[in-house]
Protein chains: 8
Amino acid sequence: MDPDTVRALLESVARKETTIDEAIDRLSHLPFTDLGDAKIDHHRELRCGFPEVVFCEGKSPSQVRSIAREILDKGGVFLGTRASAAHYQAVGQVALDARYFEDSRLVIVDRREERPAVGHIVVATGGTADSSVAEEAAMSAEVMGNRVTRLYDVGVAGIHRLLAYEATLREARVVIAVAGMEGALPSLVAGLVACPVIAVPTSIGYGASLGGIAALLTMLNSCAAGVGVVNIDNGFGAAALASRINHAAVTA
Amino acid sequence: MDPDTVRALLESVARKETTIDEAIDRLSHLPFTDLGDAKIDHHRELRCGFPEVVFCEGKSPSQVRSIAREILDKGGVFLGTRASAAHYQAVGQVALDARYFEDSRLVIVDRREERPAVGHIVVATGGTADSSVAEEAAMSAEVMGNRVTRLYDVGVAGIHRLLAYEATLREARVVIAVAGMEGALPSLVAGLVACPVIAVPTSIGYGASLGGIAALLTMLNSCAAGVGVVNIDNGFGAAALASRINHAAVTA
Amino acid sequence: MDPDTVRALLESVARKETTIDEAIDRLSHLPFTDLGDAKIDHHRELRCGFPEVVFCEGKSPSQVRSIAREILDKGGVFLGTRASAAHYQAVGQVALDARYFEDSRLVIVDRREERPAVGHIVVATGGTADSSVAEEAAMSAEVMGNRVTRLYDVGVAGIHRLLAYEATLREARVVIAVAGMEGALPSLVAGLVACPVIAVPTSIGYGASLGGIAALLTMLNSCAAGVGVVNIDNGFGAAALASRINHAAVTA
Amino acid sequence: MDPDTVRALLESVARKETTIDEAIDRLSHLPFTDLGDAKIDHHRELRCGFPEVVFCEGKSPSQVRSIAREILDKGGVFLGTRASAAHYQAVGQVALDARYFEDSRLVIVDRREERPAVGHIVVATGGTADSSVAEEAAMSAEVMGNRVTRLYDVGVAGIHRLLAYEATLREARVVIAVAGMEGALPSLVAGLVACPVIAVPTSIGYGASLGGIAALLTMLNSCAAGVGVVNIDNGFGAAALASRINHAAVTA
Amino acid sequence: MDPDTVRALLESVARKETTIDEAIDRLSHLPFTDLGDAKIDHHRELRCGFPEVVFCEGKSPSQVRSIAREILDKGGVFLGTRASAAHYQAVGQVALDARYFEDSRLVIVDRREERPAVGHIVVATGGTADSSVAEEAAMSAEVMGNRVTRLYDVGVAGIHRLLAYEATLREARVVIAVAGMEGALPSLVAGLVACPVIAVPTSIGYGASLGGIAALLTMLNSCAAGVGVVNIDNGFGAAALASRINHAAVTA
Amino acid sequence: MDPDTVRALLESVARKETTIDEAIDRLSHLPFTDLGDAKIDHHRELRCGFPEVVFCEGKSPSQVRSIAREILDKGGVFLGTRASAAHYQAVGQVALDARYFEDSRLVIVDRREERPAVGHIVVATGGTADSSVAEEAAMSAEVMGNRVTRLYDVGVAGIHRLLAYEATLREARVVIAVAGMEGALPSLVAGLVACPVIAVPTSIGYGASLGGIAALLTMLNSCAAGVGVVNIDNGFGAAALASRINHAAVTA
Amino acid sequence: MDPDTVRALLESVARKETTIDEAIDRLSHLPFTDLGDAKIDHHRELRCGFPEVVFCEGKSPSQVRSIAREILDKGGVFLGTRASAAHYQAVGQVALDARYFEDSRLVIVDRREERPAVGHIVVATGGTADSSVAEEAAMSAEVMGNRVTRLYDVGVAGIHRLLAYEATLREARVVIAVAGMEGALPSLVAGLVACPVIAVPTSIGYGASLGGIAALLTMLNSCAAGVGVVNIDNGFGAAALASRINHAAVTA
Amino acid sequence: MDPDTVRALLESVARKETTIDEAIDRLSHLPFTDLGDAKIDHHRELRCGFPEVVFCEGKSPSQVRSIAREILDKGGVFLGTRASAAHYQAVGQVALDARYFEDSRLVIVDRREERPAVGHIVVATGGTADSSVAEEAAMSAEVMGNRVTRLYDVGVAGIHRLLAYEATLREARVVIAVAGMEGALPSLVAGLVACPVIAVPTSIGYGASLGGIAALLTMLNSCAAGVGVVNIDNGFGAAALASRINHAAVTA
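Here the structure is a predicted model, which is why all the values come from computation and not from measurement.

All right, on to the interface of chain A and chain B then. At the interface, 33 residues of chain A touch 33 residues of chain B. Across the chain A-chain B interface, the total number found is 13 residue pairs in polar contact (both at pLDDT 80 or more). Residue assignment for the side of chain A that touches chain B shows that the elements contributing at least two residues are α3 (44–48), α8 (166–171), α9 (185–192), α10 (213–220), β11 (227–229) and α11 (235–251) of chain A. Counting residues per element, the side of chain A that touches chain B draws most heavily on α11(A), at 7 residues. Of the residues belonging to the side of chain A that touches chain B, the class tally is 22 nonpolar, 6 polar and 5 charged.

Shown next as structure tokens:
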């Protein structure tokens, strides 16, 4: 609850400009819009630093369209993750300027005039096959106002490829390390740099990768300190965390 | 590899002050001490921002004693995690000023004259039973030079307890949220603040908590963005990550 | 076994109106119809409060059609869950008034003249993507004679959305809380109300949601008391349990 | 938030009897006591129908003692679950009338003059070895004001034992069915009665019972409708849910 | 190794009718046909009581065709399990009298003049949806020379349906109990009869059935003695075991 | 329900020798003794071929003593499995002739004059370390009236050891194959014999044996037909199943 | 890092033929080609004995095409595993002589004039259905310069089939044993031979094979010594390990 | 079966020096000693290259003593793994020269005059805490006649420690890489060397290491080719495999 708003309201009550019933109502009236199936949280930017992002999977195209319309009515940017082509088409009906990135399954509408980019964030991958998840992370981070450097296919099977980019890694304010199979990349990176490392396991691999569980466990058990892990294939989640870290550094 | 050292070395070769065999040797001579069973990584502070921390579990007391002696010979601070009383006694033989914190299983020797504390980091717990893990995080973070605020027993069964401290949470540069059982605390916190949230699952709970796996999964699946997860009961890991974030902010 | 029926039978034996062999036969003759593959349990309404509900998955359309015909011959209501379009068409051949709800995969035939609705039951969801499971619960509950209030997309990423509806929740006689991902909604609700809470995990989420196992474990480990859990995506099961609780309250 | 209290407070502000700063403070001042490690939730009885119950496992005896003293200062009843003998002794130091039930690991202090018991709740077990969990449920339910009937060792290996008590089961307002091994009891009971059934898996069994996971899965997959499941060995959780159902029925 | 054959061979060596090299060769020459990818085990009927049965899944149609031709060249019966339509068509090319049972995925060619049937075996299912697995068991058992009685949809949600057939169950020499969901049927049956019970878990159920793992665990943990478990959906395996038991009884 | 008893009762009703209320009572009066915590099933021998066997784990010594006294009052044999020394001592207080087998954790009291042994059953183990589970099986089978041959340490690491005993295996009416680690023994045996094979996984092995889960899965997935699996370390369960098979053969 | 190259470089620095900046650059310039998404490791043949092999799954056809072109520019052989038809077509655009093996999912371009084959390696399978994985192993091994003998369908259900080929097995320098279902083949082979055995679990089997996890666990728990395990269905991985062993023997 | 022995036997039959019954007996008489519980496989050295090694866990001390006596009667070396102090004492009763290594849990009796050591094998560990498992591997390998180099505490948190020993690694004929926690060491090593790498996961780590399962999965999913995995903490298994590889190279 924003203390200033409450103070203003209470002062208004004290001045009798607002009745008590109105005050009770306003105190319980929070800044979201109720669309029935969905409740759009317009307050989230103030509270958490970025507008509500829409996880499209499991939602019908028409649900996503309604949510997109509502969000764009109130602000200049819409980010939909795990979007299918059908979701994209639905958003396109209310936003002609929507763009779709099929591999990373993102729908983006960005009408902001100014797009400052602070940073920077390095997004690294163990292999080429991890690049669609890495792009979900990189593009989400860019939309959230971060400068991003991509460093793909630097996994542990050829450690010299990673060491060749040690300087790049050391310049980062936060590194997102994306890897499938044995998932060792974040441990290696965390041993090389002093900044925080965000580990993203991917579902790439043979049978006992268990759809990414193997890489996830590797990352949680990293013997190198300074690693935080997000869900399997969750490029967006990594971007959101990296952006918070990166912006915290800016505002510190 | 530090480019300046390499440059100096190469300049010395060019000036014939260093022979080629010496240069080859130095290039491969890295700053660790070989104790046989253990190789102390004296370079880690430069590379990663904090001296090597010793995970004691599985090491014999005499192994830990040797490592502690070596570390204290080269620097002013020793941090041992997952330490038993026997580990503490062994360290005490080479450092009379060693302190032991039984609940959080830490052995600390800190001889630094100046101990600056930047920050701050909030360490929150879902329940009282999570406090030993939380203390491992809080004390480790303090040794690493961070200012820490503790906020214990604010779990979701009584959501008003957490909301009452919303202001404290909002002042943090990073929040460590420690919880067992259903592990929902980090999701809630991440919905209330704009800073990064580090989630620490604990092994507290009834049978289907599966020794903390349930809380771990909850945290990985958080519907709130901005959460990074560490291993079960890994208070130290959370502190190391938080410290990197916190110091990154300072040096930004 | 219904004591009155047994008493009547025994009295008939005592009066020699029924032979002993007839009595033995009747005692073992229970009120179900044998269709070969299926044995329709007409007694279930008396025993358990609602007619047999048909789980369609794994049954062939013709099996479901036979069962539906038999049930409708003996009573006024047919409820088929997990029904495909093919199941619906098969039922439609024997019941022109069958209705199909594709998202929630229900087939309903309801010919009862009077449809009393007691209650009420609140069905809440964490996100919009949980709504198909929630509708399976809500519509099943309505067919079973309960009054239902829907409260969708009130998950923990924006806790104020839930708190805004605290009054609605407090009026419920039982709450069904449906959530995927981290599945924290039931814990929160149970901390706010005094009535029983039924938790339904859904299979919505990124990789480590493990098809709903993560949310399931969260709910089983709830630190808030008063929560009972049903199977993943099992909206019907939640409705059946809620209806028993709600009607128990009525008949108390 | 209790609307009446808010209304009174706002009226007081309107009457200038309360300053705005005082009002802000009170609005954020919630009814819990902060003991540092623990925050006692005195409001819980109003909100959820029963005072805060203390899960002792993982808490130190002195933490439990402090919490017990605080709870007993404000009310007449203390219930500690998963308590060791050391926890009991600590509580005994601040409450001479504390009683300890070793098998069910409960510490109870009950100073209420009137102890009404509504109901009733039937607690059934599959085997004799499940009785310690069943007692945790039964005694917790009694402390919460419910009338309880015990029906132990009526598992599926001898189905006639259960059928012999069908009448008892039918009189219950809610049945708690406790079972280890294959955990089939709740399914059977739910097929015999019309009231809600709470299933409690226990950790009793050979290797592939996986510490109760097998029974837990059985119960979640019950083909009989009307079953809600709680955590493994969680007798208290079952009691809390049963009590909510039972009291809901009373107040309906 | 068949002692009589060895004896005859050795006698032939003693009589100098067979050279030593021939004898060495024959001793290592075992009765299978090598088709390259497959080695047909013609000895299996003697050794294990029934000709080799072909698990088709994972084999190409042409591989299955070659194997079928080879088996039918040497004997009068071919049984293919887990067969697709393509497998059936391939077998049809070498055996016009092949029959295909789509639901149970069996291909059968049976040219034996005499088909004695001993027994009997009762195949029971918990629900109608388990019938395709049950048919795999029942038909396989019949091909193997057993008399089979089917008893479908007698699961625990309506226990009286099972009790009504208690006499049928008691007449069996072995019962195959097939069930998905909570899988309690075998436990119940084993408590009612004195003969061995073979439990077959099926993959029918909601999410936490984990593709049949839940039912499998239930059956392994049965509190009733006398139950042996086979793999999930493995109707054939149950039939093979039942047939061994049934024929053992005959030859005893 | 025994038809003869029912017939006699009904005839008595017809003759007016039994009142209707008495008949109702007797029909629901089943032959077990209620000890409160335990309900002894005296009918089990008639129904299932052997008296109730007591699983001691999880029961208190005094509970086991009461049950043993009750069983011995009605019959001549008591078999307790998973018994600790304390359980044995408690049984010893009511049966001086109780014997305890520490490795196999059995308590046996056998006062029958005649102990016929039919058979036979071969109990084979993969290794010496499996012998305590094998003895649980062998001794239980002997108490149940079976002739048993032991064949220990014939696992797959030296296949010739097993082949040397092929004749012994072929004489069995049923083989119990006990194995830990990779658990391949039952598959091998089933490929060599025509009789049913009961597979018992043991918890012997290195880390990834997962307490016997590895061997359990091996056995469930046996490529050889004719194998039924029981729970990990469940020697008794194997004996009960083998005894049913063996006696079925006798009475066939 | 190759010491000779470093020495030459340093000598050049000493002779002033190379500037210091150039030397720094070259020291960090490692022999891979950066294609953006992919970094081709041309050094791998020197380091690890065989050129980089491309795991195609998860890569786009155009990514694979670029990588193939780059690899073939620098050498004479390209091996792509887990390739789809689309991957094959893309490679075919830059290499008309590419061959595709659909069952084993391999794309091979081999332009080497001399293809020496040392060895040999025996590839054995438990069943015919394992042959596609076995072919991935056999063909990969052949491309890597090994002589291969195939020995398919010699699983444990008919142990005599394996024993008949004991001589072939004993001639191998390394055996690759491929098996699904219960996966016992490697244990058996390791008990018969003195050479190393590489175990490859396959995903062939009924439900509780868990997609190959059962066979994997069997192999890890082998009671026979001398077995190393690779990932489920990972024929290539087995070939790579076998080739290293086979060539190590040659160069010893 | 050894062809020479068979040939000699058959020749003897042909010469009538051996009767047919004697020949049958001898053909089935294989070279093991039957101790009842254990069957000592004296043939294993010929077949598999090293005498039978005894896994002590789960065996009683007296069983191990009998086995040791039998083995030492026939040969000069006894190796017992997973031995407790009690096992050691029992062996000591029959072999005064037995030595016990408590950390690695080995009992060794070695009376061979000549102990040739070929090689070499490098045993590397990720951390100091892995050294007891590494010693089980190193000492077992030495007893089996291999030359061993130890390289401990070279894990991925400080990659320069490993790179400093690259030359040592490159000289090995096989590397055993032992690691707990995230288990990345084998992947790194396999990317640096051309020889085979044996990966040994250890059970060292925080909660989500799942007793070594995390490291096990990492190793199975290695993106570097040439890695074979053994069971968790199975140092002996790695040694046995390494020894086979090492000796294969020698005899090639």
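Past the structure itself, the notes keep going.
This next bit is on the sheet that holds strand β4 (residues 77–81) of chain F. Residues and elements named next belong to chain F. Pairing within the open sheet is mixed, and its 4 strands lie in the order β3-β4-β6-β5. Strands with a single pairing partner mark the edges of an open sheet, and in this sheet they are β3 (54–55) and β5 (99–101). Of the strand pairs in this sheet, β5 and strand β6 (residues 106–110) are connected by 3 bridges, and their pairing is antiparallel. Within β6, the residue paired with Phe101 across the bridge is Leu106.

All names here are of chain C. Relative orientation of the contacting elements helix α4 (residues 61–74) and helix α5 (residues 85–94) amounts to 40°, with a least axis distance of 8 Å. As the angle between them shows, α4 and α5 are arranged oblique. Here the hand of the crossing between α4 and α5 comes out right-handed. Counted together, Pro61, Val64, Arg65, Ala68 and Arg69 of α4 and Ala86, His87, Ala90, Val91, Gln93 and Val94 of α5 form the full contact between these two elements. Class assignment of the residues belonging to the contact of α4 with α5 gives a composition of 7 nonpolar, 2 polar and 2 charged.

Averaged over all residues, the pLDDT of chain A equals 85, while 86% of them reach at least 70. The complex prediction reports pTM at 0.85, with the ipTM value standing at 0.83.

So, about the packing of aromatic side chains. Across all of its chains, the model carries 16 aromatic pairs over all chains by this definition. Where B:Tyr206 meets D:Phe55, the ring centres are 5.4 Å apart and the plane angle is 40°; that geometry is what we call tilted. Within this pair, whereas B:Tyr206 is found in the loop between β10 (197–201) and α10 (213–220), its partner D:Phe55 is found in strand β3 (residues 54–55), the two belonging to separate chains. By relative accessible area, B:Tyr206 is classed as buried at 7%. Exposure remark for D:Phe55: the relative accessible area of 11% places this residue in the buried category. With a centroid separation of 5.1 Å and 10° between ring planes, the pair formed by G:Tyr88 and G:Tyr100 is classed as stacked. In this pair, G:Tyr88 sits in helix α5 (residues 85–94) while G:Tyr100 sits in strand β5 (residues 99–101), placing the two residues 12 residues apart along the sequence. Looking at G:Tyr100, the relative accessible area reads 23%, which means it is partly exposed.

The rules behind these values
- Residues numbered from 1 in each chain as written.
- Chains lettered and ligands numbered in written order.
- Predicted model: local features only at pLDDT ≥ 70, side-chain atom pairs only at ≥ 80, totals over all residues.
- Heavy atoms only, no water.
- Contact = heavy atoms within 4.5 Å.
- Polar contact = N/O pair within 3.5 Å; in protein donor to acceptor, adjacent residues only side chain to side chain.
- Helix = DSSP H or I, 4+ residues; strand = E, 2+ residues; numbered from the N terminus.
- Nonpolar A, V, L, I, M, F, W, Y, C, P; charged D, E, K, R; others polar.
- Pairing = 2+ DSSP bridges.
- Axes fitted to C-alpha atoms, helices over the stretch in contact; angles between N-to-C directions.
- Parallel < 35°, antiparallel > 145°, perpendicular 65-115°, else oblique.
- Left-handed = near helix turned anticlockwise from the far one by under 90°.
- pLDDT = per-residue confidence, 0-100.
- Phe/Tyr/Trp six-rings, centres within 6.5 Å; stacked < 30°, edge-to-face > 60°.
- Buried < 20%, exposed > 50% of the residue type's maximum accessible area, 1.4 Å probe, protein only.

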